[in-house]
Amino acid sequence: MIAHPDPWRNIDGQAKPAQMAQSLEVRGRTPSQVRLRRRFLRFVPVRAGQRVLEVGCGSGVVVRDLATLVGPRGEVVGVDPSRSMVDAARALARAHALRGRMRWRVASGASLPFASGRFDAALAITVLLHVADPEAVVREMARVTRPGGRVGVQDQDFGTVVVTHPDRTLTERILWGVASHMYEEPHSGRRLPALLRTVGLEDVRLLTDVFQDTTLEPFAKTFLERRAANAVTFGIVDAPAAQRWLDGLTGLVARGDFVLTFNYYGAVGVKPAAASRRR
Ligand SMILES: C[S@@+](CC[C@H](N)C(=O)[O-])C[C@H]1O[C@@H](n2cnc3c(N)ncnc32)[C@H](O)[C@@H]1O
């Protein structure tokens, strides 16, 4: 069977799952990422005492933030299909004062091992972009949310990547070429409000946020280096062209002229009271 080009689809089938957990931690502590993640959690909003589910929890960056928000009377459950991610998340959570309020399960978002209506909120942060059937996942999230509770999803949109580079044509070929090869729907972010409405959620609101970097910090550097490597793997450019492209970026950084931005879209919907009776 040919492996799917998106490694986040099957982390445990990759050569270095621990490195992938590490990359989520690096992204998680990048200041612009901290800001846009927490801004989204306030937008949902998540409140003290709530029971919250995070689908596709990875190394637990969001679960740890959620535990702080729900506090000692709340509960957060992190679910991920990758056993190695869940193990890493559990280990990383040990240093958190509210680790006793966190639970972890290995499961796919398309088949959640919870009773209907168990949670006040169900969230998926930078997950739907990677799944084969996002609608099935959001439908499950809505099922396990109580009537009146919230379903919140946040995703990058790779149709919005902006980067300074002297070679615009090569930049476009690499960035769009890789994104369209790797993801079923590279425009995942902008489609989230429609997705929530499709599964019957109401009062859908949208929060658009922008990731910004001007120094090629570690998260952005890894992101762009992976794009260049994948462009070679997918046959979009040859290795010298990919290297030339990376060199062009580092030249801009040296001159202080580097800019990388891309949009994150966060959508939140409310589960209607009638939905539970209709099922
Ligand atoms: C980019 S990571 C995001 C992790 C975390 N939400 C964060 O923001 O740090 C994507 C996660 O989605 C998980 N994932 C992939 N397919 C999934 C599915 N069908 N259901 C639930 N999670 C899935 C992956 O295992 C991975 O941990």
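A few points on the structure. One numbering rule holds for all chains: residues counted from 1, following each sequence as written. Reporting in this predicted model follows two pLDDT cut-offs: at least 70 for local features of residues, and 80 or more for side-chain atom pairs to be given and counted; totals over whole chains, interfaces and linings ignore these cut-offs and use all residues. With hydrogens and water excluded, all non-hydrogen atoms of the structure serve as input to the side-chain values.

1. A short note on the site of the ligand
Part 1: Note on definitions. A residue lies near a molecule or strand when any single heavy atom of the residue is within 4 Å of it. Neighbouring the ligand are 20 residues; Glu 54, Gly 56, Asp 80, Gly 109 and Ile 125 lie closest to it.
Part 2: Side-chain atoms alone can form a polar contact between residues adjacent in sequence; in general such a contact is a pair of N or O atoms within 3.5 Å, and within protein one must be able to donate a hydrogen while the other accepts it. At 2.8 Å from a nitrogen atom of the ligand is found a main-chain nitrogen or oxygen belonging to Gly 56.
Part 3: Contact between the ligand and Asp 80: an oxygen atom at 2.6 Å from a side-chain N or O atom of the residue.
Part 4: The method behind every accessible area is Shrake-Rupley, applied with a 1.4 Å probe, and residues are considered shielded solely by the protein chains displayed. In isolation the ligand offers 600 Å² of accessible surface; the protein chains occlude 94% of this area.
Part 5: Within the residue set of the shell around the ligand, elements represented by two or more residues are helix H1 (17–29), strand S1 (51–55) and helix H3 (61–70).
Part 6: Residues that form the shell around the ligand fall into these classes: eleven nonpolar, six polar and three charged. Runs of E in the DSSP output that reach at least two residues are strands. Runs of H or I that reach at least four are helices, and both are numbered from the N terminus. Gly is put with the polar residues, along with every residue not named as nonpolar or charged; the nonpolar set is Ala, Val, Leu, Ile, Met, Phe, Trp, Tyr, Cys and Pro, and the charged set is Asp, Glu, Lys and Arg.

2. Structural notes on the environment of Ala 3
Part 1: Inspection of the secondary structure puts Ala 3 in the segment before H1.
Part 2: Sequence separation of Ala 3 and Ala 15 is twelve residues, and the distance between their C-alpha atoms is 12 Å.

3. Quick notes on the pattern of salt bridges
Part 1: The term salt bridge refers to a pairing of a side-chain nitrogen on Lys or Arg with a carboxyl oxygen on Asp or Glu at a separation within 4 Å. Evaluation of the coordinates by the stated rule reveals 19 salt bridges.
Part 2: A salt bridge links Arg 39 to Asp 209, with the shortest nitrogen-to-oxygen separation between them at 3.2 Å. Placement of the pair is Arg 39 in helix H2 (residues 31–43) and Asp 209 in strand S7 (residues 202–213), with a sequence separation of 170 residues.
Part 3: The buried label applies to any residue whose accessible area, calculated with a 1.4 Å probe on protein chains only, is under 20% of its type's maximum; exposed applies above 50%, and partly exposed to all values in between. Overall, the relative accessible area of 4% leaves Asp 209 in the buried class.
Part 4: Here Asp 87 and Arg 83 are joined by a salt bridge, their closest N and O atoms 3.9 Å apart. Here Asp 87 pairs with Arg 83, and both are found in helix H4 (residues 83–93), just four residues apart, close to one helical turn.
Part 5: The exposure class assigned to Asp 87 is partly exposed, which follows from its relative accessible area of 38%.
Part 6: Its relative accessible area of 46% is what places Arg 83 among the partly exposed residues.

4. Remarks on helix H6 (residues 168–182)
Part 1: Between the first and last C-alpha of H6 there are 21 Å, a value that for 15 residues agrees with the 21 Å anticipated at 1.5 Å per step.
Part 2: Within the span of H6, buried status applies to Leu 170, Thr 171, Ile 174, Leu 175, Gly 177, Val 178, Ala 179 and Met 182.
Part 3: Between two residues, a contact is recorded if the distance between any of their heavy atoms is within 4.5 Å. On the buried face of H6, the contacting elements are strand S6 (162–163), helix H8 (218–233) and helix H9 (239–255).
Part 4: Between the side-chain oxygen of the N-cap and the backbone nitrogen of Thr 169 there are 3.3 Å, and the N-cap of H6 in question is Asp 167. Multiplying 1.5 Å by the helix residue count minus one yields the expected span of that helix.

5. Structural notes on H2
Part 1: Between its terminal C-alpha atoms H2 stretches 18 Å, which fits the 18 Å expected from 13 residues at 1.5 Å a residue.
Part 2: For H2, the set of buried residues is Ser 32, Gln 33, Val 34, Leu 36, Arg 37, Phe 40, Leu 41 and Phe 43.

6. Details of the side chain of Glu 140
Part 1: Mapped onto the fold, Glu 140 is located in helix H5 (residues 134–144).
Part 2: With relative accessibility at 13%, the residue Glu 140 sits in the buried group.
Part 3: Polar side-chain contacts of Glu 140 include one of 2.7 Å to the side chain of Arg 143.
Part 4: Residue contacts for Glu 140: discarding those within four places in its chain leaves Gly 109, Ala 110, Ser 111 and Leu 112.

7. Topic: the environment of Thr 261
Part 1: By the secondary structure assignment, Thr 261 is in strand S8 (residues 260–270).
Part 2: Judged by its relative accessible area of 17%, Thr 261 is buried.
Part 3: Each C-alpha atom, one on Thr 261 and one on Leu 129, is 18 Å from the other, the two residues being 132 residues apart in sequence.
Part 4: Look past the residues within four positions of Thr 261 in its chain and what remains in contact with it is Thr 160, Val 161, Val 162, Val 210, Phe 211 and Gln 212.

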